[in-house]
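Remarks on the overall topology
Spelled out, the chains give:
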Amino acid sequence: MTISVYGGTGFIGGVFCQKYPDEVIKIKREIRQPESREILYFISTTSNYNVLETLRMDVDINISLLMEALENCKDKDIVFNYISTGFVYGNNIINAVETDNCNPGGFYSITKRSAEMLLISFCETFNVKYRILRLANVYGTEDRECTGKKNVLRFLIELLKKDKEISLYDGGDVLRDYLHVEDVCSAIKLVLKKGKMDSIYNIASGKPQKFYDIIMSAKKHLGSNSNITSIEAPEFYKKTQAKNFSLNVDKLKSLGFEEKIYLEEGIKLLCR
């Protein structure tokens, strides 16, 4: 299988290309023409916070760039594998199944869901095959861009390493569904190999944990002296971010997926 990868320099796309170097063709940033039948499309913004700085960013990247790529796929023997997010399901979603209704909040989540719908309509109109892969919380040491808005887990672990005080929204009493990037890439490859056409697949651990417990596990492993406090989540966060979140992965497991790096081990890797 030869895979044309759009967005192969980002966090997940970069790891995927490193993991399967003999099977990928990295499509350059300025190019929209695929070089193989199988397309894997990672290009995306990464959080709902962009709207506070640039109103059009999520629309321009998540929708407009996708349309440019699709222009080169009309009436071709193409399989367009689109990397989406589980946050399209909406707020306070537990064990979300692929057939559940979506009610996203925030420009990032809304434009990702809009992109899904546009892709499906395009593929039905121009006889193109597709798969949509909805990812839960992805983590790993390869993601160098960690802030209080993106890759929060690693950002807080870096503070724990320095014994700095950290504050958790609502005391960390929220559920998160983390899957290590290596397992995410393995799951993506599995869906490309075995997944049904014109289908949606959740990619996650399917085992949500309280964020407070995750942070305390890292604190214990590091022997950190950081003080952990609780603060109320800001209004913008409440309106745009999922309070509790996990994805059902029965469909993924039916393809034979098995998680290799469990969260406890993954935390140890982040703590190195």
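Attention shifts here to unusual backbone geometry. Not every positive phi belongs to a glycine, and Asn95 is a case in point at roughly 60°. For Asn95, the position within the fold is in strand S5 (residues 93-96). Judged by relative accessible area, which is 40%, Asn95 ranks as partly exposed. In the Ramachandran plot, Asn127 falls in the positive-phi region, its phi being about 60° despite a non-glycine side chain. Along the chain, Asn127 turns up in the loop between helix H3 (107-126) and strand S6 (129-135).

Turning to the packing of aromatic side chains, a few remarks are in order. Applying the stated rule across the entire model yields 10 aromatic pairs. A centroid spacing of 5.6 Å and a plane angle of 40° characterise the contact between Tyr6 and Tyr41, whose relative ring orientation is tilted. Here the residue Tyr6 occupies a position in strand S1 (residues 3-6), and Tyr41 occupies one in strand S3 (residues 38-41), the gap between them amounting to 35 residues. We classify Tyr41 as buried; its relative accessible area is 0%. With 5.0 Å between their ring centres and 55° between their planes, Phe16 and Tyr20 make a pair best called tilted.

We now examine the pattern of salt bridges. Summed over the entire model, instances satisfying the criterion amount to 18 salt bridges. For Glu158, the salt bridge goes to Lys161, with nearest N and O atoms at 3.0 Å. Of this pair, Glu158 and Lys161 both sit in helix H4 (residues 152-161), separated by three residues, roughly a single helical turn. Linking Lys207 and Glu259 is a salt bridge whose minimum nitrogen-to-oxygen distance equals 2.9 Å. One end of the pair, Lys207, is in the loop between strand S11 (199-203) and strand S12 (209-210); the other, Glu259, is in the loop between helix H8 (250-253) and helix H9 (263-270), with 52 residues separating them in the sequence.

Right, let's get into the pairing of strand S4 (residues 79-85). Counting buried positions along S4 gives seven out of seven residues, so the element sits mostly inside the fold. Where burial is concerned, the two faces of S4 agree: the one with Val79, Asn81, Ile83 and Thr85 and the one with Phe80, Tyr82 and Ser84 are both buried. A crossover connection joins S3 to the parallel S4 through helix H2 (residues 57-70); in handedness this β-α-β unit is right-handed.

The parallel open sheet is built from six strands, whose spatial order is S2-S1-S3-S4-S6-S11. Strand pairing shows two members of the sheet lacking a second neighbour, strand S2 (24-27) and S11, which therefore form its edges. Going across the sheet, the axis of each strand differs from the next one's by a mean of 25°, ignoring polarity. As paired elements, S3 and S4 share four bridges and run parallel to each other. Residue pairing in the sheet places Glu38 in a bridge with Val79 of S4. Strands S1, S2, S3 and S6 of the sheet are contacted by helix H1 (residues 11-19), whose axis makes an angle of about 145° with S2.

What counts, and at which threshold
Residues numbered from 1 in each chain as written. Predicted model: local features only at pLDDT ≥ 70, side-chain atom pairs only at ≥ 80, totals over all residues. Heavy atoms only, no water. Helix = DSSP H or I, 4+ residues; strand = E, 2+ residues; numbered from the N terminus. Buried < 20%, exposed > 50% of the residue type's maximum accessible area, 1.4 Å probe, protein only. Phe/Tyr/Trp six-rings, centres within 6.5 Å; stacked < 30°, edge-to-face > 60°. Salt bridge = Lys/Arg side-chain N within 4 Å of Asp/Glu carboxyl O. Right-handed = clockwise from strand over helix to strand, strands pointing away. Pairing = 2+ DSSP bridges. Axes fitted to C-alpha atoms, helices over the stretch in contact; angles between N-to-C directions. Contact = heavy atoms within 4.5 Å.

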